[in-house]
Amino acid sequence: MADLEELAVQLFDAGAVRLGDIEAKVGRRTPIYFDLRVIVSHPRIMMAVARHLEKLAKEINHDVLCGVPYAALPLAAVMSVNTDTPMIMKRKETKLYATKRLLEGIYYKNQKCLVVEDVVTSGGSLLETVETLRREGLVVSHAVVVLDREQGGASVLEANGVIVKSVFSLSCLVNTLYKAGRINDETVGMIVDHIKECQFGMKDNLD
Ligand SMILES: O=c1ccn([C@@H]2O[C@H](COP(=O)(O)O)[C@@H](O)[C@H]2O)c(=O)[nH]1
């Protein structure tokens, strides 16, 4: 398995780290955007990221995995196969025909569900999935994520009973890329300022 520094550089070289003045969500701009969707085209990187998530997941008692749609779904699927752990999938919208389900796959009330996510910024996307899982009777206490952008999302989740374990924090990712010569000190400065300035609060302040 690639170590974390090596993996950070592989992700950058694969195009998973975008720099510039980027629109992250409606009304939100960022000097760095992490786009993990590209790793479906890089099976070795996908496997390395999944292995690092599995290492975190091993320390957490769980019966079933659920990826936050859509970027984390392939990661959760690889983890499920590697560790022989059942997976369920959340739909973005309820299916309007046949089963009309919001969660696909087999699960039982009170099963412990570990949520898998690519990136946490405000925590809003992850929390939405957690709320659906809890409404269906699953117990959610932890999430494993590839990148915590350190913008308050992990605290929002913790306040809602979800402990977040991440493979990378944004500052450690940026530091590694700087040391590897992939980004310059001006970019590092902009990202550090962005983390300080763009913090998200409690659930009523997610956007
Ligand atoms: O660098 C980024 C930042 C965000 N995303 C996507 O957005 C959500 C996380 O944002 P929340 O504010 O925590 O809901 C996540 O599902 C990512 O897919 C991203 O891809 N890259």
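Calculation criteria
- Residues numbered from 1 in each chain as written.
- Predicted model: local features only at pLDDT ≥ 70, side-chain atom pairs only at ≥ 80, totals over all residues.
- Heavy atoms only, no water.
- Near = heavy atom within 4 Å.
- Polar contact = N/O pair within 3.5 Å; in protein donor to acceptor, adjacent residues only side chain to side chain.
- Areas by Shrake-Rupley, 256 points an atom, 1.4 Å probe, with all protein chains shown as cover.
- Helix = DSSP H or I, 4+ residues; strand = E, 2+ residues; numbered from the N terminus.
- Nonpolar A, V, L, I, M, F, W, Y, C, P; charged D, E, K, R; others polar.
- pLDDT = per-residue confidence, 0-100.
- Contact = heavy atoms within 4.5 Å.
- Buried < 20%, exposed > 50% of the residue type's maximum accessible area, 1.4 Å probe, protein only.

Draft legend 1. A look at the site of the ligand. In the neighbourhood of the ligand, 15 residues make up the surrounding shell, with F34, S122, G123, S125 and R149 lying closest. Note that an oxygen atom of the ligand is positioned 2.9 Å from one of the side-chain N or O atoms of R37. Within the backbone of G123, an N or O atom sits 2.8 Å from an oxygen atom of the ligand. Out of a free accessible area of 460 Å², the ligand has 94% covered by protein chains. At the level of secondary structure, the elements contributing two or more residues to the shell around the ligand comprise strand 2 (28-34), strand 6 (113-120) and helix 4 (124-135). If one sorts the elements of the shell around the ligand by residue count, strand 6 sits on top with 4 residues. Here the residues of the shell around the ligand sort into 4 nonpolar, 5 polar and 6 charged.

Draft legend 2. Structural view of the confidence of the model for the chain. Put simply, the chain has an average pLDDT of 93, and 95% of its residues get 70 or more. This stretch, residues 203-207, has a pLDDT under 50; its non-local contacts, to residues over four places away or in other chains, come to 14 contacts. As scored by the predictor, the complex reaches a pTM of 0.95 and an ipTM of 0.98.

Draft legend 3. Broad picture of the side chain of T85. Relative to the elements of secondary structure, T85 occurs in the loop between helix 3 (73-83) and strand 4 (87-90). Residue T85 is classed as buried on the basis of its relative accessible area of 13%. At a separation of 2.8 Å, a polar atom in the side chain of T85 contacts the side chain of T83. Excluding residues that lie within four positions of it along the chain, T85 makes contacts with H62, D63, V64, L65 and S80.

Draft legend 4. Highlighting helix 1 (residues 4-13). Within the sequence span of helix 1, burial applies to L7, A8, V9, L11 and F12. Summarising the contacts, the buried residues of helix 1 are in contact with strand 1 (17-25), strand 2, helix 2 (43-57), strand 8 (163-169) and helix 6 (170-179). Of the residues flanking the end of helix 1, it is G15, one or two places downstream, whose phi is positive at about 90°.

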